[in-house]
Amino acid sequence: MTGRTALEIRLDSPTLIAAGPPSSNLVDTLTFIPGNTLRGVLAWRYIDEGGDASSPEFKRLFLGDKLSFGFAFKDGAQAIPLSARTCKYYGGFRADGGHGVMDLLASNGELRCEYEDTPCSKPLDYCNGFYDPMRFREVGVTRRLVTRTAISRARGSADHGRLYTQRVMEEGQRFVGRIYGDEDLVAKIRKLVGDGFEVRIGKGVSRGMGWARVSMAGEAAWAWPPAGAKERFEAFKEKFGRPVLAVTLLCDALFTDDYLRDRTSLTIKDLEPLGIKVSDWKEAPANVFAATRRVFGFDGEPIGLPRTPKTALAAGSVFLFEAEKGVDNPCIPDGDGVGFIGEGRLEGYGRAMLWHPFHVEAEREDVAEGLPGRDLDSILAERAGDLYALGFGPSRISSSQMAALAERIRRAKDLEEAEENICSFIDNQLGKLRKGAERTGKKGSWLLEGRRRRESLGDLFKDYVVKEKRYRRGLCAGGAEGLDLLRRFWRKFHNRYRIEASFKEPVPMDCCKEEE
Ligand SMILES: [Zn+2]
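Peer 1: So what's going on with helix H5 (residues 376-388)? Which residues, and what values?
Peer 2: Helix length check: H5 (13 residues) gives 18 Å between terminal C-alpha atoms against 18 Å at 1.5 Å per residue, within 8%. Among the 13 residues that make up H5, 10 are buried, leaving the element largely enclosed by the rest of the structure. Those residues of H5 lying buried are Ile379, Leu380, Ala381, Glu382, Arg383, Ala384, Gly385, Asp386, Leu387 and Tyr388. Each element contacted by the buried residues of H5 is listed here: strand S9 (137-139), helix H8 (457-467) and helix H9 (479-503).

Following this line, the structure appears as structure tokens:
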């Protein structure tokens, strides 16, 4: 399997990909697009383009074992490994304004939140969902509830007593799925997709749900992982102080035993397809962070019945193996150490990675190398959005306070003066607010606490802009260029505030691109 290509699926209407048979009257959607759906979409396209479903080519493309159709995740994100933990009170990646994410694979014993020099020390909590492994930010799949009435087939009107609710993925989201296999077949898939096409996926297509557009994804889909398996193995060896083998599931995986029963634990033999030498490692894992998911499906025509549900190991599951005694330099595969294990590879099950970098470095500051090809304005807008999301807004800070701060940034002759102005203004306001709070017992304005950190909004603003200078991290060192960046950053920040003030509700980031 040498070829690969990546597709983008953009949802143009709300989409429901059922997670399982309906329980009572709620139907919930998955938050990713399974490989099987991607395969179905392409097979449909093949036939729609005049192809023959009984041809040998169709069989090789969609029914053989020469192509694997991977799961499509939002914006190409990954499941956060199940060994991840975050602060119970101010959770989330640092770039998202949380206290940061830690990984437990290399640690033993109870850990607590390590945020800041005076550690927060709150207990840790689970950290579920998806993240962007290049930028260390959470990737949320937005969903909403839709309530409908069933229609009586006999009367053609609402059926009495039959109200049901569906949870759907919202339109406008973009999913990236990867396809691996023989180069000639991958080339055929590329040709099939061409300039893109419309499809309908999931349930409720008769009600206008599930419209999507499929097109080729750019090369950016392959920018990760940045290092090969050998380098990552060395990083693990250094962190653990001994040779270890870690395998992390990038999507759900299916394993069966000799009697074809579902199996929820791995042995080292299962990892042989990834190119390791089985005799280098102990057979059973020494440490496991795993979860399971029930996988449902329906057989197509003419059977039309539910398949026996299977138990899959969930994406993000992690297994750690120790080296056999005396093995100091185990055999490490060439290449990126990513491949398929277990069963159901045709449908994308079992994509796994050896030595996932997350377990060595759960997150990193957003520095320049994380930002190739992105223009300055979009970086500044994103950072302004990060700071703003910590709890600023018209209901908390008055517009005259914002205007006063704006004036002090505008008036400054150089960066130093601007920073002094910010600090003296905020300190002055905080002083007055504290006195007021002592009298009345009520906190307001800059003294209010941020949403994900416990400092006051005033201190948060000072820390972000003056102390840590996060708005220009990786972009410039300071000086005149720094003052320019600070002003541009402030404009983005102030714009967000103004738009929210005029719309009376928070606005998505994309709306804040215009300049004054
Ligand atoms: Zn904390």
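Peer 1: I'd like a description of the packing of aromatic side chains, backed by residues and values.
Peer 2: In this structure the tally under the stated criterion is 26 aromatic pairs. For the pair Tyr46 and Phe58, a centre-to-centre distance of 5.5 Å together with 55° between the ring planes defines the contact as tilted. Here Phe58 lies in helix H2 (residues 56-62) and Tyr46 lies in helix H1 (residues 35-48), a separation of 12 residues in the sequence. Accessibility classification places Tyr46 together with Phe58 in one group, the buried group.

Peer 1: Talk me through the domain arrangement of the protein chain; I want residue IDs and the actual numbers.
Peer 2: Examined at the domain level, the protein chain breaks down into domain 1 (3-78 + 140-221), domain 2 (229-359) and domain 3 (368-512). Using C-alpha coordinates to define each centre, domain 1 is positioned 26 Å away from domain 2. Opposite the 19 residues of domain 1 that make contact, domain 2 presents 14 residues. When the buried surface of domain 1 facing domain 2 is broken down by residue, Phe71, Gln78 and Tyr180 rank first, second and third, together holding 35% of it. At the boundary of domain 1 with domain 2, the tally comes to one salt bridge. A salt bridge links Glu347 to Arg39, with the nearest nitrogen and oxygen atoms 3.5 Å apart. Only H1 and strand S3 (67-74) provide two or more residues apiece to the side of domain 1 that touches domain 2. A per-element tally of the side of domain 1 that touches domain 2 places S3 first, with six residues.

Peer 1: So what's going on with the nonpolar core? Residues and values would help.
Peer 2: By size, the foremost hydrophobic cluster in this structure holds 45 residues, and its most contacted members are Ile9, Leu42, Phe62, Ile189 and Ile201. Only strand S1 (3-11), H1, H2, S3, strand S12 (174-181), helix H3 (183-193), strand S13 (197-200) and strand S14 (211-216) provide two or more residues apiece to this core. Of the residues that make up this core, three or more belong to each of domain 1 (3-78 + 140-221) and domain 2 (229-359). What Ile9 contacts, discounting residues up to four positions off in sequence, is Ile33, Leu38, Ala72, Gln173, Arg174, Phe175, Ile201, Ala212, Arg213 and Val214.

Peer 1: Give a detailed account of the coordination of the zinc ion, specifying residues and quantitative values.
Peer 2: Bound to the zinc ion are the protein donor atoms Cys87 (SG), His99 (ND1), Cys113 (SG) and Cys120 (SG), situated 2.1 to 2.4 Å from the metal. Because the angles between the four donor atoms bound to the zinc ion fall within 104 to 116°, the donor set is best described as tetrahedral. When the donors of the zinc ion are listed by position in the chain, the intervening gaps give C-x11-H-x13-C-x6-C. Here Cys120 lies in the loop between strand S6 (101-103) and strand S7 (124-126) and His99 lies in the loop between strand S5 (84-87) and S6, a separation of 21 residues in the sequence. Residue His99 shares its accessibility class with Cys120, and that shared class is buried.

Peer 1: Which residues make up the sheet that holds S6, and what values go with them?
Peer 2: Read across the open sheet, the three strands follow the order S6-S5-S7; overall the sheet is antiparallel. Whereas interior strands pair on both sides, the edge strands pair on one side only; in this sheet they are S6 and S7. Along the sheet, successive strands turn relative to each other by an average axial angle of 45°, direction set aside. The sheet contact formed by S5 and S6 spans three bridges and is antiparallel. When the bridges of S6 are listed, Ala84 appears paired with Asp103.

Quick notes on the rules
- Residues numbered from 1 in each chain as written.
- Predicted model: local features only at pLDDT ≥ 70, side-chain atom pairs only at ≥ 80, totals over all residues.
- Heavy atoms only, no water.
- Helix = DSSP H or I, 4+ residues; strand = E, 2+ residues; numbered from the N terminus.
- Expected span 1.5 Å × (residues − 1).
- Buried < 20%, exposed > 50% of the residue type's maximum accessible area, 1.4 Å probe, protein only.
- Contact = heavy atoms within 4.5 Å.
- Phe/Tyr/Trp six-rings, centres within 6.5 Å; stacked < 30°, edge-to-face > 60°.
- Domains from an automatic or database assignment.
- Buried area = accessible area lost by both parts, 1.4 Å probe.
- Salt bridge = Lys/Arg side-chain N within 4 Å of Asp/Glu carboxyl O.
- Core = buried A, V, L, I, M, F, W, Y, C linked by side-chain atoms within 4.5 Å.
- Donors = N, O, S within 2.8 Å, 3.2 Å for Na, K, Ca; no water.
- Tetrahedral: all angles 85-135°; square planar, octahedral: opposite > 155°, others 65-115°.
- Pairing = 2+ DSSP bridges.
- Axes fitted to C-alpha atoms, helices over the stretch in contact; angles between N-to-C directions.

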